[in-house]
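Remarks on the overall topology
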Number of protein chains: 2
Amino acid sequence: MTMARANAGTKGVARADREGQILDIACRAFGTAGYASTSVADIAEAAGISKPLIYNYFGSKEGLHALCVEHAAAVLWAEFERSSASGTVGLARAVVTLDGMFRALAPQPWMWRLVFDPTAPPEGASREALAAYEARLFTLGEDGVSELMRLAGNTDQDDTSAMHAVWESAFRALVGWWLDHPEVSPEQMSQRCVRMFSTAFGDLDALALSARPGDGLPELAPHQPAPAPPH
Amino acid sequence: MTMARANAGTKGVARADREGQILDIACRAFGTAGYASTSVADIAEAAGISKPLIYNYFGSKEGLHALCVEHAAAVLWAEFERSSASGTVGLARAVVTLDGMFRALAPQPWMWRLVFDPTAPPEGASREALAAYEARLFTLGEDGVSELMRLAGNTDQDDTSAMHAVWESAFRALVGWWLDHPEVSPEQMSQRCVRMFSTAFGDLDALALSARPGDGLPELAPHQPAPAPPH
DNA sequence: CTGTGGTAACTTACCCGTGAGTCATATCAA
DNA sequence: TTGATATGACTCACGGGTAAGTTACCACAG
């Protein structure tokens, strides 16, 4: 489509264009079928080119995968950072983070599995590319969780660590549930999250839920007044 | 060790004994390294026998894996059933279920990964062996969650479905955290869970936490009086 | 008590499909 | 001619699965 300035001695598509095109296809393939069950030949066929071209440009399957992961992580983590800088705290920040993730993922849902792929090689370039991002995310989450735990009167180190694990797991479960229900819009899903948090922890408004209007977060609308919260 | 009725023309170890031995080794191997990264040759070597013997006795890698999964699922699900029949309800039942799982897993922690192995074949004998168990577990969990949701005033179908996903995910996260901390005893971990639930949802005694004494569940001992619960 | 046949247990050496990675070569713009 | 894009045809390692043979033990005939 775009010719993008073919260099001297160039036949066919310019390298930069081709690389971008391959990368895009590879992201979808790895993110849809997983690393292990995606062969380089598959990607080449999907991209309408031959296998050696991929090796010419990316060196190895893992090299290509590393770039895909890098790309996906950059997109998703930018969203995490944005949420963490939104000025909200506590459960409100959790909701904001989820909402941002739904919106970021809506046009390219495969990015999720690309980053959290259990069949990805346990060590190597792509893993190391993720490590830095994960460390950053870990501190973000740990901070938020430990803050909430402190407010609730529990300062135990290991309790906080375990609670953090639960939070990350719950986060993934919510995103996973949403990915399994493609007919649900990000807005609807965010509202569902608000309702669920409200159901689990009682009225959120009482807990410093101060999402600023115009932030993209839909108005908080609990499903029901919840006449009998669990606590 | 046991000679187990040697039939005519029998050399070496009797088939039943050998099968049990191989199965045991295979459970550990699959449960430790995962299905995908465990080769039949690995298992044969670990068992001190040759590869064809495994094929003689189990037919295929997947046949062997199916038996391992069946065994592990039977053990773990028996524990689930036991918990569900313990007469507790709500969050107390959650704690009882977790406690039972910690105790069941303590002597053979690899059983966990055997059942929840993301690298296991997505279809085939082992998957079908799990399907029935999973269906049963699903209804157990869904019932408990929907009961709690109803108490909290939320009867939305999809909210319940998503909350169930979160609960299962949280359950796995807690077990996973424990497996990552081998120095923590099941008793300690159960107490940690009680503390965490208490921290998240407020004092549990107020919520029909009626674990019967002598049930094996340690006495409930919240970390701190939690002077300022989240709600 | 001996040898001889039958069978279960077990192994060595192989087949073969799959998929990562490579090499020599072809095409075409400048 | 040169150099960048591009490919058909290949090598190779790995792992699931198999064919054919070997060993040890028991039963029983002589």
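Above this text is the structure in question.
Here goes a summary of the coordinates provided. (Residues numbered from 1 in each chain as written. Chains lettered and ligands numbered in written order. Predicted model: local features only at pLDDT ≥ 70, side-chain atom pairs only at ≥ 80, totals over all residues. Heavy atoms only, no water.)

1. Concerning the overall build of chain A
Our working rule: A run of H or I in DSSP counts as a helix once it spans at least four residues, and a run of E counts as a strand once it spans at least two, with each numbered from the N terminus. Residue burial is assigned from relative accessible area. The probe radius is 1.4 Å, only protein chains are included, and a residue is buried under 20% of its type maximum, exposed over 50%, and partly exposed in between. By the convention used here, residues are in contact when the closest approach between their heavy atoms is within 4.5 Å. Accessible areas in this description were obtained via Shrake-Rupley with a 1.4 Å probe; residue shielding takes into account the shown protein chains only.
Of the regular secondary structure elements, chain A holds 9 helices and 0 strands. Its helices and strands taken in sequence order, chain A reads α-α-α-α-α-α-α-α-α from the N to the C terminus. Within the span of chain A, comprising 231 residues, buried residues form 43% of the whole. Here the contacts in chain A between residues at least 6 apart in sequence split such that 69% fall between residues at least 24 apart. Carbon and sulfur atoms provide 55% of the accessible area of chain A, an area that totals close to 11200 Å².

2. Brief notes about the protein's contact with DNA strand D
How we decide: For this purpose, a residue is taken to be near a molecule or strand whenever a single non-hydrogen atom of the residue falls within 4 Å of it. We call two N or O atoms a polar contact when they sit within 3.5 Å, provided that within protein one can donate a hydrogen and the other can accept it, with sequence-adjacent residues counted only if both atoms are side-chain atoms. Only Asp, Glu, Lys and Arg are considered charged, only Ala, Val, Leu, Ile, Met, Phe, Trp, Tyr, Cys and Pro nonpolar, and every remaining residue, Gly among them, polar.
As a structural note, the neighbourhood of DNA strand D is formed by 26 residues, with A:Lys11, A:Arg15, A:Pro52, B:Lys51 and B:Lys61 the closest of them. Of everything in DNA strand D that lies within 4 Å of the protein, sugar and phosphate atoms constitute 59%. A distance of 3.3 Å is found between a phosphate oxygen of DNA strand D and a side-chain nitrogen or oxygen belonging to B:Tyr55. Between DNA strand D and the protein, one listed contact pairs a phosphate oxygen with a side-chain N or O atom of B:Lys61 at 2.8 Å. Listing elements by their share of the surface near DNA strand D, those giving two or more residues are helix H1 (15–33) and helix H3 (51–58) of chain A together with helix H3 (51–58) of chain B. Partitioning the surface near DNA strand D into residue classes produces 10 nonpolar, 10 polar and 6 charged.

3. Re the packing of helix H7 (residues 125–151) of chain B against helix H8 (residues 157–179) of chain B
All names here are of chain B. Cut-off, in case you're wondering: Structural elements are reduced to axes, namely lines fitted to C-alpha atoms, with helices fitted over the stretch in contact, and the angle between N-to-C directions of any two is expressed from 0 to 180 degrees. Left-handed describes a crossing whose near helix is turned anticlockwise from the far helix by less than a right angle; the clockwise case is right-handed.
Running from N to C, H7 and H8 point in directions that differ by 115°, and their axes come no closer than 9 Å. Here H7 and H8 pass one another in a crossing that is right-handed. Along its contact with H7, which presents Leu-137, Phe-138, Gly-141, Glu-142, Val-145, Ser-146 and Met-149, the element H8 presents Asp-159, Thr-160, Ser-161, Met-163, His-164, Trp-167 and Glu-168. Here the residues of the contact of H7 with H8 sort into 6 nonpolar, 5 polar and 3 charged.

4. Let's talk about H1(A)
All names here are of chain A. Here is the rule: A helix's residues, less one, multiplied by 1.5 Å, set its expected span.
For H1, which comprises 19 residues, the first-to-last C-alpha distance of 26 Å matches the rise-based estimate of 27 Å (1.5 Å per residue) to within 8%. Along H1, the residues that are buried comprise Arg-18, Ile-22, Ala-26, Cys-27, Phe-30 and Gly-31. For H1, the secondary structure elements touched by its buried residues are helix H2 (40–47), H3, helix H4 (61–84) and helix H6 (110–115). Positive phi shows up at Gly-34, right after H1, with a value of about 90°.

5. Description of the protein's contact with DNA strand C
Not every one of the 24 residues close to DNA strand C is listed here, only the nearest: A:Lys51, A:Tyr55, B:Lys11, B:Val13 and B:Ser50. Counting only the atoms of DNA strand C that lie within 4 Å of the protein, the sugar and phosphate share comes to 55%. Within the backbone of A:Val40, an N or O atom sits 3.0 Å from a phosphate oxygen of DNA strand C. At 3.3 Å, a side-chain N or O of A:Tyr55 approaches a phosphate oxygen of DNA strand C. In terms of residue count, H3(B) provides more of the surface near DNA strand C than any other element does, 4 residues in total.

6. A short note on the packing of aromatic side chains
All names here are of chain A. For clarity, the cut-off: A pair of Phe, Tyr and Trp rings is counted when the ring centres sit within 6.5 Å of each other, with Trp represented by its six-membered ring. The angle between the planes then sorts it: under 30 degrees is stacked, over 60 is edge-to-face, the rest tilted. Put simply, a charge is over a ring when the Lys NZ or the Arg CZ is close to the ring centre, within 6 Å, and near the line of the ring normal, within 35 degrees.
Within this structure, the stated rule accounts for 19 aromatic pairs over all chains. Ring geometry for Trp-77 versus Phe-80: centroids 5.4 Å apart, planes at 80°, classification edge-to-face. You can see Trp-77 and its partner Phe-80 sitting in helix H4, 3 residues apart, about one turn around the helix. Each member of the pair, Trp-77 as well as Phe-80, is classed as buried. Between Trp-112 and Phe-116, the ring centres sit 4.6 Å apart and the planes meet at 50°, which makes this aromatic pair tilted. Feature note: the residues Trp-77, Phe-80, Trp-112, Phe-116, Tyr-133, Trp-167 and Phe-171 constitute an aromatic cluster, connected by ring pairs. The ring centre of Tyr-35 lies 4.3 Å from the NZ or CZ of Lys-61, which sits over that ring.

7. Things to note about the environment of B:Arg113
All names here are of chain B. Its place among the elements puts Arg-113 in helix H6 (residues 110–115). For the pair formed by Arg-113 and Tyr-35, sequence separation is 78 residues and the distance between their alpha carbons is 9.7 Å. Aside from chain neighbours lying at most four places away, what touches Arg-113 is Gly-31, Thr-32, Ala-33 and Gly-34.

8. Considering the packing of helix H2 (residues 40–47) of chain B against H3(B)
All names here are of chain B. Just so we agree on the cut-off: Each angle receives one of four descriptions, namely roughly parallel if under 35 degrees, roughly antiparallel if over 145, roughly perpendicular if within 65 to 115, and oblique otherwise.
As a packed pair, H2 and H3 sit with axes 8 Å apart at the nearest point and diverge in direction by 105°. Between H2 and H3, the crossing angle belongs to the class labelled roughly perpendicular. For the pair H2 and H3, contact is made by Val-40, Ala-41, Ile-43 and Ala-44 and by Lys-51, Ile-54 and Tyr-55, respectively. For the contact of H2 with H3, the class distribution of residues is 6 nonpolar, no polar and 1 charged.

9. Notes on the environment of A:Ala78
One can find A:Ala78 in helix H4. Spatially, the C-alpha atom of A:Ala78 lies 10.0 Å from that of A:Gly100, the residues being 22 residues apart in sequence.

10. Some words on the pattern of salt bridges
Selection rule: One side-chain nitrogen of Lys or Arg within 4 Å of one carboxyl oxygen of Asp or Glu is enough to make a salt bridge.
Tallied over the entire structure, the rule returns 24 salt bridges over all chains. Residues B:Glu19 and B:Arg15 are paired through a salt bridge, measuring 3.0 Å at the closest nitrogen-oxygen approach. With a gap of 4 residues between them, B:Glu19 and B:Arg15 both fall in helix H1 (residues 15–33), about one helical turn apart. Taken together, the shared-partner salt bridges connect A:Asp156, A:Asp158, A:Asp159, B:Arg192 and B:Arg195 into one network.

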